[in-house]
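Report on the structure
Here's the letter readout for the chains.
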Amino acid sequence: LRKQASHAPNEEITFDAATLSKYINRQGRIIPRIYTKLSAKDQRKVAKKIKTLRQMALLPYTIVEQN
């Protein structure tokens with residue numbers, strides 16, 4: 001089961017860590033456009049911002065699951 005990000009068309013995306021964590025799957029990868037339903041322009045913005053927040057240590061590169 002894939003996690004789908006909820007994004008309505010013409011809705012402004014807020015680029016904070018909590019919102020952008022919706023666009024990362026359980027392995028820590030960025031969810032592709034086919035599942036996020038974003039335009040190409042918005043997907044590039046999201047990917048670039050996620051990478052920036054990862055470098056600033058606000059988002060993880062990998063997600064460690066604890067059982």
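Up top is the structure.
To start, this report covers the structure provided alongside it. (Residues numbered from 1 in each chain as written. Predicted model: local features only at pLDDT ≥ 70, side-chain atom pairs only at ≥ 80, totals over all residues. Heavy atoms only, no water.)

Across its full length, the chain carries three helices and zero strands. Tracing the chain from N to C terminus, the helices and strands come up as α-α-α. Relative to its 67 residues, the chain shows a buried fraction of 28%. Here the contacts in the chain between residues at least 6 apart in sequence split such that 56% fall between residues at least 24 apart. Here the chain has roughly 5300 Å² of accessible surface; of this, 52% comes from carbon and sulfur atoms. (Helix = DSSP H or I, 4+ residues; strand = E, 2+ residues; numbered from the N terminus. Buried < 20%, exposed > 50% of the residue type's maximum accessible area, 1.4 Å probe, protein only. Contact = heavy atoms within 4.5 Å. Areas by Shrake-Rupley, 256 points an atom, 1.4 Å probe, with all protein chains shown as cover.)

Here helix H3 (residues 40–55) is 16 residues long and its end C-alpha atoms lie 23 Å apart, about the 22 Å a rise of 1.5 Å per residue gives. Among all positions of H3, only Gln43, Val46, Ala47, Ile50, Leu53 and Arg54 are buried. All buried residues of H3 lie within an arc of 130° about the axis, which places them on one face of the element. Away from its buried face by more than 90 degrees, H3 exposes Lys41, Arg44, Lys48 and Gln55. Buried residues in H3 make contact with helix H1 (17–20) and helix H2 (33–36). (Expected span 1.5 Å × (residues − 1). Arc of directions from axis to C-beta.)

The next subject is the nonpolar core. Ranked by size, the top nonpolar core spans nine residues in total: Ile13, Leu20, Tyr23, Ile24, Leu38, Val46, Ile50, Leu53 and Leu59. The element contributing the most residues to this core is H3, with three residues. (Core = buried A, V, L, I, M, F, W, Y, C linked by side-chain atoms within 4.5 Å.)

On to the environment of Ser39, then. Its location among the elements puts Ser39 in the loop between H2 and H3. Taking the relative accessible area as the measure of exposure, Ser39 reaches 35% and is therefore partly exposed. Among the polar contacts made by the side chain of Ser39, one reaches the main-chain amide nitrogen of Asp42 at a distance of 3.2 Å. (Polar contact = N/O pair within 3.5 Å; in protein donor to acceptor, adjacent residues only side chain to side chain.)

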